[in-house]
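Structural characterization, general
Listed below are the residues making up each chain.
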Amino acid sequence: MSYETPKVSGGEGTVNVTCSPPSGETFPIGMTPVQCTATDSLGRTGTCAFGVTVSKLAQLSKTKYLAFGDSITAGEITFPGSTASTPGTSSKLVIVPGASYPAVLERTLLGRYSTQAQQISVANYGLGGEKTINARARFFDALNTVRPEVVLLWHGHNDIPGGLDGAASGAASEMRIMAAEARLRGMRVFLATMLPPRPGGNRTIAQVFIDDYNNRMRALAASEGAVLVDIYNALRPEVTRYIGVDGLHPNEAGYVKIADVFFQAIQANFEVR
């Protein structure tokens, strides 16, 4: 630990300052008192004291994450991304892995918890176009392959346009099975609410369907002891800023915001000092 030597005034000739413990020594976590003595050429002395506080770097108690979902986990963006501001009928989508929320989240975690860089990972298991009712086998394979400590489970955008009962209830039932399986394996589960719809897009989901499914996810999180990550309410106030012109997929700014919401949930649950 390095600290600035106290400045001196007065005295005759050369004034030497010595401190104990000296700057550059290894200081323990917490506050350490430092005593400094100034001695001039006539042998006169003056002293001062101050404290040096060393804080422990923040760390994560869990470092291995699996992000499982559909195209919105994969990182699909409505072309031309954030440069478009007017909803329309364009349906061209591109996957930008580096812009996906798992990629942004991993970079954020590595920046915050740099001493654990060798341990931290966020595996992206997003698959465009997949319905939740068809995802169970792939999810179990992902658990076996990644063996995560934490599962970020966010699925249903391709199911819920089919309606409240049937499509939505079937998807919610599969989410319950997947969340329960992860929990039984000793993994923590984070369940995310659906994105808010941006009006006017060719993929905009009816608000009533979004509300219904999000209520199912809130109930599921409570019953399974999962952490609810409320993406819907985090993005809703600025939906046109974060959701692309197709009305469904986030733009680049949206993925950054989503990653931050997940990061805050991870920090609140797993950060230790």
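Refer to the structure presented above.
The paragraphs below set out a description of the structure included in this document. Throughout, residues of each chain are indexed from 1 in the direction in which the sequence is written. The predicted origin of the model limits local features to residues at a pLDDT of at least 70 and limits the giving and counting of side-chain atom pairs to 80 or more, whereas totals for whole chains, interfaces and linings rest on all residues. The side-chain numbers reported here are obtained from all heavy atoms of the structure, hydrogens and water having been left aside.

1. Considering the nonpolar core
- In this structure, Tyr-101, Leu-105, Leu-109, Trp-154, Ile-231 and Phe-262 are the most contacted members of the largest nonpolar core, which totals 67 residues.
- Considering every element that reaches this core, the biggest residue donor is helix α8 (residues 252–270), with nine residues.
- The contact rule is simple, with two residues in contact once any of their heavy atoms fall within 4.5 Å. Setting aside residues up to four positions removed in sequence, Phe-262 forms contacts with Tyr-101, Leu-105, Leu-152, Trp-154, Ala-192, Val-229 and Ile-231.
- Here, nonpolar core means buried Ala, Val, Leu, Ile, Met, Phe, Trp, Tyr and Cys residues that are tied together by side-chain atoms lying within 4.5 Å of each other. Exposed residues in this analysis have more than 50% of their type's maximum accessible area, buried residues have under 20%, and partly exposed residues fall in between, with area computed by a 1.4 Å probe over protein chains only. Membership of the second largest hydrophobic core comes to seven residues, among which are Cys-19, Phe-27, Cys-36 and Val-52. Numbering of helices and strands runs from the N terminus; a helix is a DSSP stretch of H or I covering at least four residues, while a strand is a stretch of E covering at least two.

2. A look at the sheet that holds strand β3 (residues 45–54)
- By this definition, two strands are paired if DSSP reports at least two bridges between them. A sheet is described by the order of its strands in space; here three strands give the open sequence β1-β2-β3, paired in antiparallel fashion. At either margin of the open sheet sits one strand with a lone partner, and together these are β1 (16–20) and β3. Going across the sheet, the axis of each strand differs from the next one's by a mean of 20 degrees, ignoring polarity.
- In the sheet, strand β2 (residues 30–39) pairs with β3 via ten bridges, with the strands oriented antiparallel. By the bridge assignment, Gly-30 is partnered in β3 with Val-54. Angles shown run from 0 to 180 degrees and are taken between the N-to-C directions of axes, each axis being a line fitted to C-alpha atoms and, for helices, limited to the stretch in contact.

3. Here's the deal with the packing of helix α3 (residues 136–146) against helix α4 (residues 164–184)
- α4 packs onto α3 with a crossing angle of 15 degrees between their chain directions and a minimal axis gap of 11 Å. Considered as vectors, α3 and α4 are oriented roughly parallel to each other. Here the hand of the crossing between α3 and α4 comes out right-handed. Residue-level contacts link Arg-136, Phe-139, Phe-140 and Leu-143 of α3 to Glu-174, Ile-177, Met-178, Glu-181 and Ala-182 of α4.
- When residues are sorted by character, Ala, Val, Leu, Ile, Met, Phe, Trp, Tyr, Cys and Pro go into the nonpolar class, Asp, Glu, Lys and Arg into the charged class, and all the rest, Gly among them, into the polar class. Along the lines of polarity and charge, the residues of the contact of α3 with α4 split into six nonpolar, no polar and three charged. Roughly parallel covers angles under 35 degrees, roughly antiparallel covers those over 145, roughly perpendicular covers 65 to 115, and oblique covers all other angles. Two helices cross in a left-handed way if the nearer one is turned anticlockwise from the farther one by less than a right angle. They cross in a right-handed way if the turn is clockwise.

4. Quick notes on the pattern of salt bridges
- One side-chain nitrogen of Lys or Arg within 4 Å of one carboxyl oxygen of Asp or Glu is enough to make a salt bridge. Here the structure, examined in full by the defined rule, presents eleven salt bridges.
- Residues Glu-4 and Lys-7 are paired through a salt bridge, measuring 2.7 Å at the closest nitrogen-oxygen approach.
- Classification of Glu-4 as exposed rests on a relative accessible area of 60%.
- Between Asp-230 and Arg-218 there is a salt bridge; the shortest N-O distance is 3.7 Å. Of this pair, Asp-230 sits in the loop between β11 (227–229) and α6 (231–235) while Arg-218 sits in helix α5 (residues 207–224); the two residues are twelve residues apart in sequence, bridging distant segments of the chain.
- According to the relative accessible area criterion, Asp-230 is partly exposed, its value standing at 23%.
- Overall, the relative accessible area of 29% leaves Arg-218 in the partly exposed class.
- Three or more residues are tied together by salt bridges with common partners; here these are Asp-165, Asp-212 and Arg-216.

5. So, the state of the cysteines
- A pair of sulfur atoms, both from cysteines and within 2.5 Å, is called a disulfide here. This model, assessed by the stated rule, comprises one disulfide.
- Between the sulfur atoms of Cys-19 and its disulfide mate Cys-36 the distance is 2.0 Å. With the S-S dihedral at roughly 110 degrees, the linkage between Cys-19 and Cys-36 falls on the right-handed side. Of the two residues, Cys-19 sits in strand β1 while Cys-36 sits in strand β2, which places them 17 residues apart along the sequence.
- Among the residues examined, Cys-36 registers a relative accessible area of 2% and is labelled buried.
- Cysteine Cys-48 shares no disulfide, and the gap to the nearest cysteine sulfur, in Cys-36, comes to 4.7 Å.

6. Considerations on the sheet that holds β11
- Pairing is parallel in the open sheet, where five strands are placed in the order β8-β5-β9-β10-β11. Whereas interior strands pair on both sides, the edge strands pair on one side only; in this sheet they are β8 (121–126) and β11. Sheet twist, expressed as the mean angle between neighbouring strand axes with direction ignored, is 20 degrees.
- Sheet topology note: the strand β10 (residues 188–192)/β11 ladder contains three bridges and is parallel. Within β11, the position partnered with Ala-192 by the bridge is Val-229.
- Across the sheet, α3 is in contact with β5 (64–69), β8 and β9 (150–154); its angle to β5 comes to roughly 165 degrees.
- Packed onto the sheet, α5 meets β10 and β11 and runs at close to 165 degrees relative to β10.

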